[in-house]
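Residue-level listing of the chains:
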Amino acid sequence: MEPMDIVGKAKEDASLPKATMTKIIKEMLPPDVRVARDAQDLLIECCVEFINLVSSESNEVCSKEDKRTIAPEHVLKALEVLGFGEYIEEVYAAYEQHKIETMDSLKGGKWSNGAEMTEEEAAAEQQRMFAEARARMNGGATAPPKQPDLNPSLES
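Below you will find a few notes about this structure.

1. Quick word on the pattern of salt bridges
No. 1: Summed over the entire model, instances satisfying the criterion amount to 6 salt bridges.
No. 2: For the salt bridge of Asp-41 with Lys-18, the shortest nitrogen-to-oxygen distance reads 3.3 Å. Linking Asp-41 in helix H2 (residues 37-64) with Lys-18 in helix H1 (residues 18-28), this pair joins segments that are 23 residues apart in sequence.
No. 3: Asp-41 gets classed as partly exposed once you look at its relative accessible area, which sits at 27%.
No. 4: The partner of Arg-128 in a salt bridge is Glu-125, with the nearest N and O atoms 2.4 Å apart. Of this pair, Arg-128 and Glu-125 both sit in helix H5 (residues 119-137), 3 residues apart, which is roughly one turn of that helix.

Rendered as structure tokens:
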């Protein structure tokens, strides 16, 4: 019987992209150093096992706090419990940098036009998009969506 992970798939099914991992490995080494394919595969397997270990311990930390969602602080505590406390500061810094980069990409990403929308504008845009989708689904035979009255003081 094969070892099973939490979602019920065999552990051998979980892997990391070889091209990405090879790039990371090569970036960490001097240019004149070569890494045998078997060594690359072993490093990838070690990374997968490390992720499994940290995930499992993070889940334990989370469960002890009666939480159902693993948060970054659970991962940091798991690293400490597993004996990787010396890396917590660096991991936290990388996490903070990731948050900044993620926020920057969301602000300037493909869904953004460079300007912030108010909640009312966003709701109106959402309704317009729903109406367009309904029109496409119904073959184009729908009335335009009712625009929300943004100035209720002008009522008759």
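2. Re the packing of H1 against H2
No. 1: At a closest axis distance of 10 Å, the pairing of H1 and H2 adopts a crossing angle of 105°. As judged from the angle between their axes, H1 and H2 are roughly perpendicular. Here Lys-18, Met-21, Thr-22, Ile-25 and Lys-26 of H1 come into contact with H2, specifically with Gln-40, Asp-41, Leu-43, Ile-44 and Cys-47.

3. Quick look at H1
No. 1: Taken as a whole, H1 has its buried residues at Met-21, Thr-22 and Ile-25. The buried residues of H1 occupy an angular sector of 100° when projected down its axis, which confines them to one face. Turned more than 90 degrees away from the buried face of H1, the exposed residues are Ala-19, Lys-23 and Glu-27.
No. 2: Close packing links the buried residues of H1 with H2.

The rules we used
Residues numbered from 1 in each chain as written. Predicted model: local features only at pLDDT ≥ 70, side-chain atom pairs only at ≥ 80, totals over all residues. Heavy atoms only, no water. Salt bridge = Lys/Arg side-chain N within 4 Å of Asp/Glu carboxyl O. Helix = DSSP H or I, 4+ residues; strand = E, 2+ residues; numbered from the N terminus. Buried < 20%, exposed > 50% of the residue type's maximum accessible area, 1.4 Å probe, protein only. Axes fitted to C-alpha atoms, helices over the stretch in contact; angles between N-to-C directions. Parallel < 35°, antiparallel > 145°, perpendicular 65-115°, else oblique. Contact = heavy atoms within 4.5 Å. Arc of directions from axis to C-beta.

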